[in-house]
Amino acid sequence: MTNDDKKGRNRQKSTSDMVKLMGNVEQKDDLTYNRRAFLKTAAGASVALGLSTVPFSVRAMMGIAEDESDRVEIAHVDQLPKGESLTFHYPTDNDPALLVHTMSGELVAYNSACTHLMCPVFYKKETDTLLCPCHKGYFDVNNGHPLEGPPQRELPMIHLEIDANIIYAVGRSYRHE
């Protein structure tokens, strides 16, 4: 049997397009680009990505935090009488926030962008609540949770610290009790 006979023995003399497609199959490509090679590559990439996060996990578990210079002075305690509020920006100049001295005498602060559509939130002294006038959304001044209207999520709480009669913003949490 000659080489020409070997080449032609699996070829059918047909004009069908489906039969002509058989000539495109190459065993070399089939061995290079197969399921096993794909799975090996995917598994290797997954392991590499997982291992790359280990240093960050170790730092978090050990309690090693980066230097936090996010302590921002807001006001003096005596500048804000009970039932009043003060607008400030935290943590950046693009993040409006609201400091409230509640009727019960507590100091609380929240980011003042409504969690519904980012409209500004204001303190309403008469009802001791936070109001978003855009869609009549009300938030509890004591914990930032929505009371009425379309907002479904609580306002991000800004943690406060008082040192030498000065109120500082020292952190923020998105989910809180």
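Residues numbered from 1 in each chain as written. Predicted model: local features only at pLDDT ≥ 70, side-chain atom pairs only at ≥ 80, totals over all residues. Heavy atoms only, no water.

1. Re the environment of N142
For N142, the location among the structural elements is in the loop between strand 7 (137-140) and strand 8 (146-148). Apart from the residues within four sequence positions on either side, N142 is in contact with T102, V108 and Y110. (Helix = DSSP H or I, 4+ residues; strand = E, 2+ residues; numbered from the N terminus. Contact = heavy atoms within 4.5 Å.)

2. Some details on the sheet that holds strand 5 (residues 122-124)
In a beta sheet, neighbouring strands pair by backbone hydrogen bonds and run either parallel or antiparallel. The strand order 5-6-7-8 describes an open sheet built from 4 strands, whose pairing is antiparallel. Lying at the two open borders of the sheet, with one neighbouring strand each, are strand 5 and strand 8. The mean angle between the axes of side-by-side strands here comes to 40°, regardless of whether they run parallel or antiparallel. (Pairing = 2+ DSSP bridges. Axes fitted to C-alpha atoms, helices over the stretch in contact; angles between N-to-C directions.)

3. Some thoughts on the pattern of salt bridges
Considering all chains together, one arrives at 3 salt bridges under this definition. In this structure, E161 engages R71 in a salt bridge whose closest nitrogen and oxygen atoms are separated by 3.2 Å. Separated by 90 residues along the polypeptide, E161 in strand 9 (residues 157-163) and R71 in the loop between helix 5 (54-62) and strand 1 (72-76) bring together distant segments of the chain. The exposure class of E161 is partly exposed, given its relative accessible area of 34%. The shortest N-O distance in the salt bridge between K125 and E84 comes to 3.9 Å. Within this pair, whereas K125 is found in the loop between strand 5 and strand 6 (129-132), its partner E84 is found in strand 2 (residues 84-89), the two being separated by 41 residues in sequence. Where salt bridges share partners, they join R71, E161 and D163 into one cluster. (Salt bridge = Lys/Arg side-chain N within 4 Å of Asp/Glu carboxyl O. Buried < 20%, exposed > 50% of the residue type's maximum accessible area, 1.4 Å probe, protein only.)

4. Considerations on the state of the cysteines
Scanning all chains against the criterion turns up 1 disulfide. A sulfur-sulfur separation of 2.3 Å characterises the disulfide bridge that pairs C119 with C134. Between C119 and C134, the disulfide has an S-S torsion of -110° and is therefore left-handed. With C119 in the loop between strand 4 (107-111) and strand 5 and C134 in the loop between strand 6 and strand 7, the pair connects residues that are 15 residues apart, well separated along the chain. Judged by relative accessible area, C119 falls into the buried class, the value being 14%. Unpaired in terms of disulfides, C114 finds its nearest cysteine sulfur in C132, a separation of 3.7 Å. (Disulfide = S-S within 2.5 Å.)

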